[in-house]
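In case you want the letters, here they are:
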Amino acid sequence: MPVPPVVAPVQPGSVGERVLARAEDRVTHRQVLPDRPARTRAWPDWVPAELRTAYAARGVATPWAHQVETMEIAHGGEHVVVATGTASGKSLAYQVPALTAVLDARRPRDRRGAGVLYLAPTKALAQDQLAGLHGLGVRALAAATYDGDTPRESRAWVRDHAEVVLTNPDMLHRSLLPGHEAWSRFLGVLRYVVVDECHHYRGVFGAHVAHVLRRLRRVCRLYGADPTFVLASATVSEPAVSAGRLVGAPVRAVTDDASPRGPVDLAMWEPPVTPGLGANGAPVRRPAGAEAADVLTDLVLDGVRTLAFARSRRGVETIALSAQRALGEVDPTLRARVAAYRGGYLPEERRALEQRLRSGDLLGLAATNALELGIDISGLDAVVVAGYPGTRAAFWQQVGRAGRGGQRALGVFVGRDDPLDTYLLAHPEALLGAPVEATVFDVENPYVLGPHLCAAAQEAPLTDDDLDAYGPTARDAVDALVGAGLLRRRELAKRPGWYWTDRRRAADLTDIRSAGGAEVRLLEAGTGRVVGTVAAAAAHSQAHPGAVYLHAGETWVVDELDLDDGVAVMHRDEPPHTTSAREVTDIRVLDVREQVRWGAATVATGRVRVTSQVVGYLVRDLASGAVVAEHPLDLPPRELETTAVWWCLPAEVVEEAGITPEALPGAVHAAEHASIGLLPLFATCDRWDIGGVSTALHPDTGMTTVFVHDGHPGGAGFAERGYAVAARWLRSTREAIAQCPCPDGCPSCVQSPKCGNGNHPLDKAAAVAALDALLEQAPPRV
Ligand SMILES: [Zn+2]
Ligand SMILES: [Zn+2]
């Protein structure tokens, strides 16, 4: 966790001082993250001399204290998560105990006596780890990746001889676990499972991976192994809790980062308001990407090595192109010194780019988060973050790239025109001083649990004891699967329990990367090429006929949507407009799981059914944002059963707050939008993972009610988290609205880019009054 920064005067001679001084009106806040000296600790006695020599050759004479703490816990056989900053040497912390086990257990002629399984969220990261392991030069180390690219003829060798197998959760789910008999000798000697970058396993994906790891542990037990898990994570809140949920067993956390860091000057940057008119005549701010391109240009002109992060590939292209153009006007040779990093590069190309940055040949690089996984860049002078990357954990990971050899560095956060970014600009302490958020997922989501129980049953029949590991909802889930004819109880079998009885491969029932539910394939008109997929639920609002669809940074226009075949046909185009769907939504409460009274107000969480229907779409001019046309659509309603958090105000409280019946719909609608915008401050979701419904009078509560619900079937844990932090979350929401200087609502406070109702009605002042009434008797601030 980052040390809360101390507010300090900016020192003359800091990185980028000239650039910041010129933009005083845009820089809303500055402070200095103090430097941190290195703390080292001696190698534990059990580390073989061979490994110490190998690391010494790579410049590690003595490890840092957090590395030793991690390896000691793992070596003692306890599960551990190391959650420290970028470039804090997390790899070494898990490699040392794992390689020690491998070397100590070696049989004659270097035959395998112990196994290590390394899991990364991407193939690229696994390849980087493999290169790092080979670079250590450990005697006869048999390490290999095992993924979709591994040739068939190599697979048997990996199974039978590899001491370290580097793969991903998808391969584990689809290939390794269903075929565990073939892996029995490896699994039988498995000593360590390394789960790298484990903060990526969040939301529905996190729940899937948690189940894959439970299946792995169960299968290992069949072969007499009980491996120790070592997890590595960016700085997140409560790492022991989320790692423990992921593994399904207690995990100890190491969070005290002992790696050295120079001081970092942090600046918060607010783009100016542009005269163009937004939706409903609202003022709009200059795009964060355009501002970031200017900052990058100025820093490069000052010879500052700078990395600019944007949220989308298109944002990255824009930043790189504008910076190249601006630099070219000053000096044509400077153009080539700025590049865009698009991801999907070959390892050689990534190495070349790293080399150009390290040598200073490249002075500026614009990149998406893809850079987080697959390219090793640290030691830059400055990092520009264009738009909040979604989590404080990701923000610190990006800023952590700045700082060469303990030298002074600069981090600039450029806010986008939305409630969360604007709130952070007004409340820098919420970004720079607050602990990072928790990684949230819901292991009990029945839509995720069911298919994994089937997969587990096919791997080995499920016993009563097995079910205990799956939590209190597992028994109902198994009964439902028996009812559906997928599982059958066999009492007299050698292993009494539930058996998989279907002819299909159970692992094919679910794709762990999909958010749940069916998918629609996006096809290119004419060629029929599959461009990508979109969740069926989202297809209605994003891939309807006439929709302008952004995919991987490219703009497409949808020609037709065939829901029966699960296909949308589209063509490349750059129309001068965007589209937004109009949607009518109804929500019913199925089950109240928990609720709390705040005076006369109620806050609750539970299961809901959301019925929504896309009825048309608006066409907006790209430049002005003005609505130029509206078209009806004929699409069927859809249902989503999920988890929600909601708050209710009785009629007399609404009246006492001075909110008229005419103002009430706009008040709750505005409060709903802003609260959806602010929830990502407390849970690792983004506003597209959640939805909301607001109503002046709801039939199930009998009161004025605002719902915020998970966007995935069964829920992903976000609404539940909103309930747990409701008072803090809704206070921030109130402040975000009240402190926005706009007169009647804008994208920085109550307007939403995904509103199904064209951002109408919205009543900013009445929203503040409603939230004040709600919060009047909420638990006090702590
Ligand atoms: Zn506003
Ligand atoms: Zn709305």
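Reading the values: the criteria
- Residues numbered from 1 in each chain as written.
- Chains lettered and ligands numbered in written order.
- Predicted model: local features only at pLDDT ≥ 70, side-chain atom pairs only at ≥ 80, totals over all residues.
- Heavy atoms only, no water.
- Core = buried A, V, L, I, M, F, W, Y, C linked by side-chain atoms within 4.5 Å.
- Buried < 20%, exposed > 50% of the residue type's maximum accessible area, 1.4 Å probe, protein only.
- Donors = N, O, S within 2.8 Å, 3.2 Å for Na, K, Ca; no water.
- Helix = DSSP H or I, 4+ residues; strand = E, 2+ residues; numbered from the N terminus.
- 1 Å grid on protein atoms, 1.4 Å probe; cavity = no way out; pocket = protein on both sides within 12 Å on 5 of 7 lines; lining within 4 Å.
- Points joined across faces, edges and corners; volume = space filled by probe spheres on them.
- Nonpolar A, V, L, I, M, F, W, Y, C, P; charged D, E, K, R; others polar.
- Tetrahedral: all angles 85-135°; square planar, octahedral: opposite > 155°, others 65-115°.
- Pairing = 2+ DSSP bridges.
- Axes fitted to C-alpha atoms, helices over the stretch in contact; angles between N-to-C directions.
- Contact = heavy atoms within 4.5 Å.
- Phe/Tyr/Trp six-rings, centres within 6.5 Å; stacked < 30°, edge-to-face > 60°.
- Lys NZ or Arg CZ within 6 Å of the ring centre and 35° of its normal.

S.K.: Before we move on, can you summarise the nonpolar core with the specific residues and values?
M.R.: Phe413, Leu424, Trp598, Trp647, Trp729, Leu730 and Leu774 are the most contacted members of the largest nonpolar core, which totals 87 residues. Grouped together as the second largest cluster of nonpolar side chains are 39 residues, Leu172, Leu216, Cys220 and Ala225 included.

S.K.: Provide a residue-level description of the coordination of the zinc ion (ligand 2), including the pertinent values.
M.R.: For the zinc ion (ligand 2), the full set of protein donor atoms is His669 (NE2), His673 (NE2) and Cys755 (SG), at a range of 2.0 to 2.3 Å. Sequence positions of the donors to the zinc ion (ligand 2) reduce to the motif H-x3-H-x81-C. One end of the pair, His669, is in helix H22 (residues 664-678); the other, Cys755, is in the loop between helix H24 (726-738) and helix H25 (764-775), and 86 residues separate them in sequence. Note on His669: relative accessible area 8%, which makes it buried. Cys755 sits in the buried class, given a relative accessible area of 8%.

S.K.: Break down empty space enclosed by the protein for me, citing the residues and quoting the values.
M.R.: Going through the model one piece at a time under the given rule, you end up with two cavities of 30 Å³ or more. Roughly 80 Å³ of volume is contained in the largest cavity. Sorting the residues of the lining of the largest cavity by element identifies helix H4 (90-104), strand E3 (115-119) and helix H5 (123-136) as the ones contributing at least two each. Considering each element in turn, the lining of the largest cavity owes the most residues, four residues, to H4. For the lining of the largest cavity, the residue count by class is eight nonpolar, two polar and no charged. What the second largest cavity holds in volume is close to 70 Å³. Lining the second largest cavity, in full, are Val81, Cys198, His199, Tyr201, Ser233, Val236, Pro239, Ser242, Ala243, Leu246, Thr439 and Phe441. Ranked by residue count, the leading element in the lining of the second largest cavity is helix H10 (residues 239-247), at four residues.

S.K.: So what's going on with the coordination of the zinc ion (ligand 1)? Which residues, and what values?
M.R.: At the metal site, the zinc ion (ligand 1) is ligated by Cys740 (SG), Cys742 (SG), Cys746 (SG) and Cys749 (SG), and these contacts range over 2.2 to 2.4 Å. One can describe the site at the zinc ion (ligand 1) as tetrahedral: its four donor atoms subtend angles covering 102 to 119 degrees at the metal. One chain supplies every donor to the zinc ion (ligand 1), and in sequence these donors are spaced C-x1-C-x3-C-x2-C. The pair formed by Cys740 and Cys746 is uniform in burial state, with each residue classed as buried.

S.K.: Tell me about the sheet that holds strand E1 (residues 27-33), residues and numbers included.
M.R.: Strand order in the open sheet made by the seven strands is E1-E9-E16-E15-E12-E14-E13, with mixed pairing throughout. For this open sheet the edge positions go to E1 and strand E13 (338-341), each flanked by a neighbour on one side alone. Averaged over neighbouring strand pairs, the angle between their axes works out to 15 degrees when direction is ignored. Bridge count for strand E15 (residues 382-386) against strand E16 (residues 409-414) is five bridges, and the pairing is parallel. When the bridges of E16 are listed, Ala382 appears paired with Leu410. Strand contacts of helix H14 (residues 392-399): E1, strand E9 (264-269), strand E12 (306-309), E15 and E16, with the helix running at about 150 degrees to E15, the strand carrying the most contacts.

S.K.: I'd like to hear about the packing of aromatic side chains, residue by residue, with values.
M.R.: Scanning the entire structure with this criterion turns up nine aromatic pairs. Taking 6.1 Å as the distance between ring centres and 45 degrees as the angle between the ring planes, the aromatic pair formed by Tyr94 and Tyr118 counts as tilted. With Tyr94 in helix H4 and Tyr118 in strand E3, this pair connects stretches of sequence that are 24 residues apart. An identical accessibility class is assigned to Tyr94 and Tyr118; each is buried. Ring centres of Tyr146 and Trp183 lie 4.8 Å apart, and the angle between their planes is 85 degrees; on these two criteria the pair is classed as edge-to-face. Placement of Tyr146 in the loop between strand E4 (143-145) and helix H6 (152-161) and of Trp183 in the loop between helix H7 (169-176) and helix H8 (184-188) is noted, with a sequence separation of 37 residues between them. Judged on exposure class, the residue Tyr146 and its partner Trp183 are both buried. These aromatic residues form a ring-pair network of at least three members: Tyr388, Phe395, Trp396 and Phe413. One residue, Arg489, lies across the ring of Trp498, its end atom 4.3 Å from the ring centre.

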